[in-house]
Amino acid sequence: MALAVALAALPAWAAAGPTDPSKSATPLPGSSGATPGQKAMPELPSPYTPNYTRGAVPPSNGQPPDFAYGAYQRGQYVTAFREATKRIEANPKDAAAMTLLGELYNQGLGVKQDPVKAAEWYKVAAAQNDAAAMSSLGLMALDGRGMPKDIKAGRHWLEQATAQGSPTAAYNLGLILIGTGSAADESAAVAQFRKAADAEIGPAQHDLGVLYLQGRGVPKDPSKAAAWFRRGADNGDLASEIEYAILLFNGTGVTKDERSAARYFLHAASRGNAIAQNRIARLYAVGRGVAKNTVEAAAWNLAAAGQGLSDAWLDQTLSGLSAEERNRAERLANERVEQR
């Protein structure tokens, strides 16, 4: 998605190269949440990302459970389509049901994928002031999906959705603003990110942390950066988890705690992030935050290398492993890949 703006890299402990990896603190190329060799992905799923279920929302009117939306959440998409259609036949102004049909057509769930029909349903729902539909329309206009590409219209839809209280729209609007390079827009982006962050959207919490760490749009404040990264990590945001681990290890904006940093790196590594796999491998290799374990170090190094993140220092450090230890490391690495 075009809106994913890559913020500048943050300091990352133990980047490949130095003689003593336990004392390194040099910048890491690329985003902390990206996997080397892979195309950058959006910070936040769009409403037409496969299996994304936050675009269609049930009406908040205190009425009985929404059977159409409930079926959608359970993966019963044909039932969701049928129930939403019945709802609209009974009430031609049922915006939530219209948005749900838009989602189903956009993702091709229960019906043949059809972005044009999706956009049509979103538009009629947006006419009823449905924020989720407006947000989806904004993203589709920006991408030229189901309609001609129109940056101005896309931004307009996102602004309208944000005004209606959509945190997802606020986040994506913030991404547009941060990408202009304007100092004024950076400050405006902070306000949008904060709206999304306050709604517990992890990627927005991560990006807000980055801005506080770099002093972009806000005064530089490592402690606030650490707090936002921690909150993003608690919400399952992988990039936040890694950044918080880095700050913990270095004692930047937070009390230095190598053991806690190692736990965050290990958790992120188990989720498949190559950078975290490389970091925990180095920690195991030197015994920082965890007990020294060269087999574990080799296993995580192999996992990271399998994703394109090689480390000459680790390769050299672990070159003395026995054949049996190498076999164990390879088995561990393979098991972890298969478990994901």
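Computed from a predicted structure; not experimentally measured.

Chemist: Residue-level account of the overall build of the protein, with values.
Modeler: Along its length, the protein carries 16 helices and 2 strands. Per-residue burial for the protein yields a buried fraction of 49% across its 340 residues. When contacts within the protein are restricted to residue pairs at least 6 apart in sequence, those whose partners lie at least 24 apart make up 54%. Carbon and sulfur atoms provide 52% of the accessible area of the protein, an area that totals close to 15500 Å².

Chemist: Report on the packing of helix α3 (residues 95-107) against helix α4 (residues 115-126), specifying residues and quantitative values.
Modeler: The interhelical angle for the contact between α3 and α4, taken along N-to-C directions, is 165°, at an axis separation of 8 Å. If you check the angle between α3 and α4, you find them roughly antiparallel. As α3 packs across α4, the resulting crossing turns out to be left-handed. Touching Ala95, Met98, Thr99, Leu101, Gly102, Glu103, Tyr105 and Asn106 of α3 are Pro115, Lys117, Ala118, Trp121, Tyr122, Val124 and Ala125, all from α4.

Chemist: Please provide a residue-by-residue account of the side chain of Glu241, values included.
Modeler: As for its position among the elements, Glu241 is in helix α11 (residues 238-250). The class for Glu241 is buried, based on a relative accessible area of 4%. Setting aside residues no more than four positions away along its own chain, Glu241 makes contact with Ala233, Tyr264, His267, Ala268 and Arg271.

Chemist: Now, about the nonpolar core: what can you tell me, with residues and values included?
Modeler: Among the nonpolar cores identified, the biggest contains 59 residues, and Ile242 and Ile280 are the most heavily contacted of them. In contact with Ile280, not counting residues within four places along its chain, are Ala262, Phe265, Leu266, Ala269 and Trp300.

Chemist: For the confidence of the model for the protein, give the residues involved together with the corresponding values.
Modeler: For the protein, the average pLDDT comes to 84, and 81% of its residues sit at 70 or higher. Within the model, pLDDT remains below 50 along residues 1-53, and this stretch shows 129 contacts once partners closer than five positions in the same chain are excluded.

Chemist: Which residues make up α3, and what values go with them?
Modeler: Its 13 residues give α3 an end-to-end C-alpha distance of 18 Å, which sits within 8% of 18 Å, the value for a rise of 1.5 Å per residue. Judged by how many residues are buried, α3 sits mostly within the fold: 13 of 13 residues are covered. Positive backbone phi, approximately 70°, marks Gly108, located one or two places after α3.

Chemist: I'd like to hear about unusual backbone geometry, residue by residue, with values.
Modeler: Positioned with a positive phi, Asn129 is a non-glycine residue whose angle comes to about 65°. Mapped onto the elements of the fold, Asn129 is located in the loop between α4 and α5 (131-143). Classification of Asn129 as partly exposed rests on a relative accessible area of 48%. Even without glycine at this site, Glu200 takes up a positive phi of about 65°. Summarising the element assignment, Glu200 is placed in the loop between α8 (183-198) and α9 (202-214).

Chemist: Tell me about the environment of Gln107, and please be specific about residues and values.
Modeler: Structurally, the position occupied by Gln107 is in helix α3. Of the residues examined, Gln107 reaches a relative accessible area of 9% and is grouped as buried. Sequence spacing of Gln107 and Ala118 is 11 residues, and the spatial spacing of their C-alpha atoms is 8.8 Å. Of the polar contacts made by the side chain of Gln107, one reaches the side chain of Tyr72; its length is 3.0 Å.

Chemist: Can you tell me about the packing of aromatic side chains, naming the residues and giving the values?
Modeler: By the definition in use, this model includes 5 aromatic pairs. Measuring from centroid to centroid gives 6.0 Å for Tyr72 and Tyr77, while their planes differ by 65°, and the two rings are edge-to-face. Judged by its relative accessible area of 1%, Tyr72 falls in the buried class. Look at Tyr171 and Phe193: their rings are 5.5 Å apart centre to centre, the planes differ by 40°, and that puts the pair in the tilted class.

Chemist: An account of helix α14 (residues 294-305) is needed here, citing residue identities and associated values.
Modeler: Here α14 contains 12 residues, and its C-alpha end-to-end distance of 16 Å stays within 8% of the 16 Å for a straight helix at 1.5 Å per residue. Burial analysis of α14 places 9 of its 12 residues in the buried class, the great majority of the element. Among all positions in α14, only Val295, Glu296, Ala297, Ala298, Ala299, Trp300, Asn301, Ala303 and Ala304 are buried. Buried residues along α14 sit against α12 (258-270), α13 (274-286), α15 (312-317) and α16 (323-339). Of the residues that open α14, the one with a side-chain oxygen 3.2 Å from the backbone nitrogen of Val295 is Asn293.

Cut-offs used in this document
- Residues numbered from 1 in each chain as written.
- Predicted model: local features only at pLDDT ≥ 70, side-chain atom pairs only at ≥ 80, totals over all residues.
- Heavy atoms only, no water.
- Helix = DSSP H or I, 4+ residues; strand = E, 2+ residues; numbered from the N terminus.
- Buried < 20%, exposed > 50% of the residue type's maximum accessible area, 1.4 Å probe, protein only.
- Contact = heavy atoms within 4.5 Å.
- Areas by Shrake-Rupley, 256 points an atom, 1.4 Å probe, with all protein chains shown as cover.
- Axes fitted to C-alpha atoms, helices over the stretch in contact; angles between N-to-C directions.
- Parallel < 35°, antiparallel > 145°, perpendicular 65-115°, else oblique.
- Left-handed = near helix turned anticlockwise from the far one by under 90°.
- Core = buried A, V, L, I, M, F, W, Y, C linked by side-chain atoms within 4.5 Å.
- pLDDT = per-residue confidence, 0-100.
- Expected span 1.5 Å × (residues − 1).
- Polar contact = N/O pair within 3.5 Å; in protein donor to acceptor, adjacent residues only side chain to side chain.
- Phe/Tyr/Trp six-rings, centres within 6.5 Å; stacked < 30°, edge-to-face > 60°.

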